[in-house]
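Tertiary structure, described
These are the residues of each chain, in order.
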Amino acid sequence: MHLRHELRRIFSAALSAAAAAGDIPDDSDDLSLTEMVRATTDAKFGDYTATVAMPLAKRAGKPPRQVAEAIIAKLEPGEWFDAPQAPVGPGFINLTVKNEALGRIVAEAAADPRLGVPPVETPSRIVIDYSSPNVAKPMHVGHIRSTVIGDALARILAFRGHEVTTDNHLGDWGTQFGMILWGWKHCRNDTAYADNPTAELGRLYRLVRKAADAKPEELANDPEAAELAAAHPTLARDVLQETARLHEGDEENRTLWASFMPVCQAEIDRVYTRLHVHFDHTLGESFYQPFLGEVVEELLAKEIARESRGAIGIFTDGEEKPPLLIRKADGAFLYATTDLATIRWRMQHWKPDRVLYVVDHRQSQHFRQVFAAAEAWGYGDVDLVHVAFGTVLGEDGRPFKTRAGDTVGLEALLDEGVARALEVVATSQAARAGDAMPVEEQQAIAEAVGIGAIKYADLSQNRATDYVFSFDKMLELKGNTAAYMQYAVARVEGIFTKGGIDREPLREQLKQGEISFSDPRERALALQLARFPEALDEVEADYRPSSLTAYLYEVAGAYSTFYDALPVLKAEGHERTARLALCDLTGQVLRHGLELLGITVPTRM
RNA sequence: GCGCCCGUAGCUCAGUUGGAUAGAGCAUGGGAUUUCUAAUCCCAGGGUCACAGGUUCGAGUCCUGUCGGGCGUACCA
């Protein structure tokens, strides 16, 4: 049951009827008006409010309250809503959900595997491109936002009924491999490589990059890189040459590349396993390499691209602005070339309606140009969306780095989150009387809470702005954090365990009888639970998982208030059944909601 | 220089696409546990929504300008 949809349908009918009666202009039943039905900001105004009368008043040439009254006269509230009272203020039409209806919605949702969420009416084919790490470097904190946000969007859109394909567009072919190849040939440590291949490749990458970039402030802190830079003045060019040789098919470089790939893949897979993230496809940049030449040829032939200063580019923003380069003067291809080849391949093989690119906001200009180029090329019949997000900053407000200036490794980050969570679990256990939790369970809870906290911090704050990474805040275990909601679920579970209540028979019983809510705290919780479908609508509208986190936080808050004030197991009769229904549905909505965010939910804490 | 994003409580952030008295958490002060997990709940104080205009029944939200910050800006990804 989707209350807001239902209400919009009711208003749409009322607007048509009022228009037919001549109370309001003929074109008053358009969609943008029925969208002016939304939840109230304050319970004293009822549950939902419609603001259609005010904009219509001008068109109708009548006072807004008179228009509101005309709409109310035509409104058939049906089985779910009470008939509206007279308009309020400038012309708000406020509606309240019938108490019996709310009871029925909760009972039905509790017994429904979809928890009352209807599938979308017209499913889309959606490709989501996210994570996309550079496999030559160890994953760091910068990768987590794309990975976590993309994974959550994939789960949510699939649950809504879309046909979702996820694809990890690995950076496995770029200049970074030139650095590794050069480093391998000049600076490798064979025993270190045998011992831990990715650590050694990572070391080579960092060393060569610093030496090649030759930034004085970096070299000052790294004598080895400084020495290397001094010994090889043409290093930056040599590195590019290694990359060029790889791209041209040089046998030695290809063989080395092929031997590096499996260890790099194993490294990132370990992280994905721990994050419970998986992809339908992992078609990295190297996969598109065979097509790049023909892509450039085709774009040249169609006169979409042309030569400029020795390179080949597409002038998406006119002659004066920098073009999108697709081939360098030295003949090498760029990531724009790969991105265009990727769009063509996906359109040919997957035929998506939409492609979401979950990538750092710093690349917005690049994507704008790539999307414009794709449209000029003839691939305009698809929604290409850059789902951008801000940079992760340290508590000093600067990009998140270790004290030595290196980026923080993702695995170390996860380890620290889990370690901190374990402290909290252990402390809480020690303070609690009664049956002690096995150590393995404490460890599993810490894993769920620690990693959940890190993921949730990213998801709940999904805006274009940068955000400040703070373990202390995300593991606060209060406020809008994963642990707060995980804890609410654990309290639900506690009730069913303690009461020895089996939920399946309860749900069967709920299907038969009627339940009702008398206490305002019960009602507030019930209404909040009924709004789950609306929260998921909002996630898709803007590709913002934070709409779901905000919703879940309100559910958990409403439940905590309810839980604190009203006994469940000690209640009797209908009251007990109604409260058990609320507990059951709260547990399911929170659990399912967190799982849609990729967050694990323990049964006790 | 040009382009994109941002500026909301002491701090970290929300703000349902233009709606009613701008909300949370942290921090500060007060209160709640013989009762289902106190990792909780309840109450209080705290705001020129950077600034100035404009649009309209109504602006934190849209438009213009100013100030401040981040990012990008031709052969890295």
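Everything numeric here is computed off the predicted structure, so don't read it as measured data.

Of the regular secondary structure elements, chain A holds 26 helices and 12 strands. Dimensions of chain A along its principal axes, counting C-alpha atoms only, are 80 × 70 × 40 Å. Looking at chain A as a whole, 52% of its 605 residues are labelled buried. Summed over all atoms, the accessible surface of chain A reaches about 27400 Å², with 51% contributed by carbon and sulfur. Charge-centre separation for chain A: the mean point of 65 positive side chains lies 3 Å from the mean point of 89 negative side chains.

This paragraph deals with the pairing of strand β5 (residues 163-167). The element β5 is extensively covered by neighbouring structure, given that 4 of its 5 residues are classed as buried. Looking at chain direction, strand β4 (residues 125-129) and β5 are connected through 5 bridges and run parallel. Note that in β5 the partner of I128 across the bridge is T166. In this fold, the crossover linking β4 to β5 by way of helix α6 (residues 141-159) has right-handed handedness.

Another point: the layout of surface pockets. What the second largest pocket holds in volume is close to 1100 Å³. Residue lining of the second largest pocket: 32 residues in total, with H2, R4, R8, E534 and D537 positioned closest to the centre. Looking at the lining of the second largest pocket, the elements that each hand over two or more residues are α1 (3-20), α2 (31-34), β1 (37-39), α24 (532-542) and α25 (546-565). Per element, the largest residue contribution to the lining of the second largest pocket is 6 residues, and it comes from α24.

Turning to empty space enclosed by the protein, a few remarks are in order. Per the stated rule, a full pass over the model turns up 1 cavity of 30 Å³ or more. For the largest cavity, the calculated volume is near 70 Å³. Lining the largest cavity are V135, A136, K137, P138, T198, L201, G202, C264, E267 and I268. Counting residues per element, the ones that place at least two in the lining of the largest cavity are α9 (197-213) and α13 (251-275). Per-class residue counts for the lining of the largest cavity are 6 nonpolar, 2 polar and 2 charged.

Here the focus is helix α16 (residues 335-349). The end-to-end C-alpha distance of α16 is 21 Å, a good match for the 21 Å that 15 residues give at a rise of 1.5 Å each. Counting buried residues along α16, 12 of its 15 residues qualify, which places the element largely inside the surrounding structure. Within the span of α16, buried status applies to A336, T337, T338, D339, L340, A341, T342, I343, R344, W345, R346 and M347. In the stretch just after α16, K351 is the one whose phi turns positive, near 50 degrees.

Once that is clear, we can look at the sheet that holds strand β9 (residues 354-360). Strands sit in the order β5-β4-β9-β10 across an open sheet of 4 strands; the sheet is parallel. Each edge of the open sheet carries a strand with a single partner, namely β5 and β10 (383-389). Strand-to-strand twist of the sheet, defined as the mean angle between neighbouring strand axes without regard to direction, takes the value 20 degrees. Bridge analysis of β4 against β9 gives 4 bridges, and the strand direction is parallel. Paired with I128 across the strands is L356, a residue of β9. Packing of α16 onto the sheet brings it into contact with β4, β5, β9 and β10, and relative to β9 it is tilted by some 150 degrees.

Oppositely charged side chains can form a pair if their charged atoms are brought close together. Taken as a whole, this structure holds 42 salt bridges when the rule is applied. Among the ionic pairs, R362 bridges to D360, the shortest N-O distance being 2.8 Å. We classify D360 as buried; its relative accessible area is 16%. In this structure, E575 engages R579 in a salt bridge whose closest nitrogen and oxygen atoms are separated by 3.4 Å. In this pair, E575 and R579 are both assigned in helix α26 (residues 573-596), 4 residues apart and thus about one turn of the helix distant. Through salt bridges with shared partners, a single network forms among R4, R160, R354, D537, E538 and E540.

Moving on, we come to the protein's contact with RNA strand B. In the region of RNA strand B, 67 residues are neighbours, and R38, K44, E285, K328 and D542 sit closest. When atoms of RNA strand B within 4 Å of the protein are sorted by moiety, sugar and phosphate together comprise 58%. One of the side-chain nitrogen or oxygen atoms of Q461 is found 3.5 Å away from a phosphate oxygen of RNA strand B. Here a base nitrogen of RNA strand B sits 3.0 Å away from a polar atom, N or O, in the main chain of V568. Broken down by element, the residue count for the surface near RNA strand B peaks at 7 residues, all from helix α21 (residues 482-499).

Thresholds, definitions, all that
Residues numbered from 1 in each chain as written. Chains lettered and ligands numbered in written order. Predicted model: local features only at pLDDT ≥ 70, side-chain atom pairs only at ≥ 80, totals over all residues. Heavy atoms only, no water. Helix = DSSP H or I, 4+ residues; strand = E, 2+ residues; numbered from the N terminus. Buried < 20%, exposed > 50% of the residue type's maximum accessible area, 1.4 Å probe, protein only. Areas by Shrake-Rupley, 256 points an atom, 1.4 Å probe, with all protein chains shown as cover. Lys, Arg positive; Asp, Glu negative; His and termini not counted. Charge placed at Lys NZ, Arg CZ, Asp CG, Glu CD. Pairing = 2+ DSSP bridges. Right-handed = clockwise from strand over helix to strand, strands pointing away. 1 Å grid on protein atoms, 1.4 Å probe; cavity = no way out; pocket = protein on both sides within 12 Å on 5 of 7 lines; lining within 4 Å. Points joined across faces, edges and corners; volume = space filled by probe spheres on them. Nonpolar A, V, L, I, M, F, W, Y, C, P; charged D, E, K, R; others polar. Expected span 1.5 Å × (residues − 1). Axes fitted to C-alpha atoms, helices over the stretch in contact; angles between N-to-C directions. Contact = heavy atoms within 4.5 Å. Salt bridge = Lys/Arg side-chain N within 4 Å of Asp/Glu carboxyl O. Near = heavy atom within 4 Å. Polar contact = N/O pair within 3.5 Å; in protein donor to acceptor, adjacent residues only side chain to side chain.

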